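A structural walkthrough
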Amino acid sequence: MDTFLEQINELQVLQKDLVSIHPLFAEHYPVVVAFESLLYIYDYSSKTEQYEWVKTVPDDLNIPDECLAAFPVHHMDERICAVVTDAAFQNFEQKVYLFHEFVHCYVYEQYSHISERLEIKRRMEQIKRVTWELDYEFPYDHEMVVQRITSLLSALKSGDLLQVKEARVALFSSLSEEQGEYFNWLEWNEGYARYMENRIREQWGLEINHMGDSAPFNRLVFYECGSEYISLLIKEQPELHTDLEQLFEVIQTERVRGRG
């Protein structure tokens, strides 16, 4: 729909201001909008320096309501795409989530080799469980885990990096190897996207996103813990802002100590 194209191109103009936050925003990725059982697919043209409509096809991906995601789409020859619904265009604040998904597109293109190192990913591929990142049975309700995540969130709010690291070691010591690896992966992958999203929010004077910072916990706790920890780490080591491989190594440190 032309209204989606117009809004995507309005965002594309704003995106130029975000290159000052991170060079990844110099890149552009296809956008798929699911609306009324159809997929409206747009791609960036380097010739016109704008997004253009590519095709409209039936929604054979069964995109759920209010979807915000990034994954390879077969209609675009398995290129990584930002996949959203019309809800992403309801207001300016919702549109920021599209840039969150662009961060995921960038990470997928530049750092997919990191996920190949994960034991949990190998195990899930063996049993053909493709949705494990969304629905892994993490012990969100386990009393000890809840207590230690709460302590970690408190430490993160204090900004005391030593206290944060101690809280992380305690948390990982109460998780299995697989649960800990899942935590690390999500806090790096989703936490970094949330971290970047919040830098954008700061630049545009929007409220910082802290969804997931209180019990009962769910998957959003990884976004919050990851984002806040990454923010503290980058204050200490500014190069981690753009060196995501090294950032992943640093994030794993407390899990290794916690299993020792």
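Refer to the structure above for everything that follows.
The notes below deal with the structure included here. Because the structure is a prediction, the values reported are computed rather than measured.

1. Here's the deal with the pattern of salt bridges
Under the definition given, this model contains 19 salt bridges. The residue Lys-121 makes a salt bridge to Glu-125 at a minimum N-O spacing of 2.7 Å. Within this pair, Lys-121 and its partner Glu-125 are both found in helix α3 (residues 119-126), separated by 4 residues, close to a single helical turn. On the basis of relative accessibility, which here comes to 14%, the residue Lys-121 falls in the buried class. Take Glu-125: its relative accessible area is 45%, and that puts it in the partly exposed class. Between Glu-187 and Arg-168 there is a salt bridge; the shortest N-O distance is 2.8 Å. Taken as a pair, Glu-187 in helix α7 (residues 177-203) and Arg-168 in helix α6 (residues 161-173) lie far apart in primary sequence, 19 residues in all. A single salt-bridge network, built from bridges that share partners, covers Glu-119, Arg-122, Arg-123 and Glu-178.

2. As for helix α9 (residues 244-251)
Every buried residue of α9 is accounted for by Leu-244, Leu-247, Phe-248, Val-250 and Ile-251. What you see down the axis of α9 is that its buried residues fit within an arc of 165 degrees, all on one side.

Thresholds applied
- Residues numbered from 1 in each chain as written.
- Predicted model: local features only at pLDDT ≥ 70, side-chain atom pairs only at ≥ 80, totals over all residues.
- Heavy atoms only, no water.
- Salt bridge = Lys/Arg side-chain N within 4 Å of Asp/Glu carboxyl O.
- Helix = DSSP H or I, 4+ residues; strand = E, 2+ residues; numbered from the N terminus.
- Buried < 20%, exposed > 50% of the residue type's maximum accessible area, 1.4 Å probe, protein only.
- Arc of directions from axis to C-beta.

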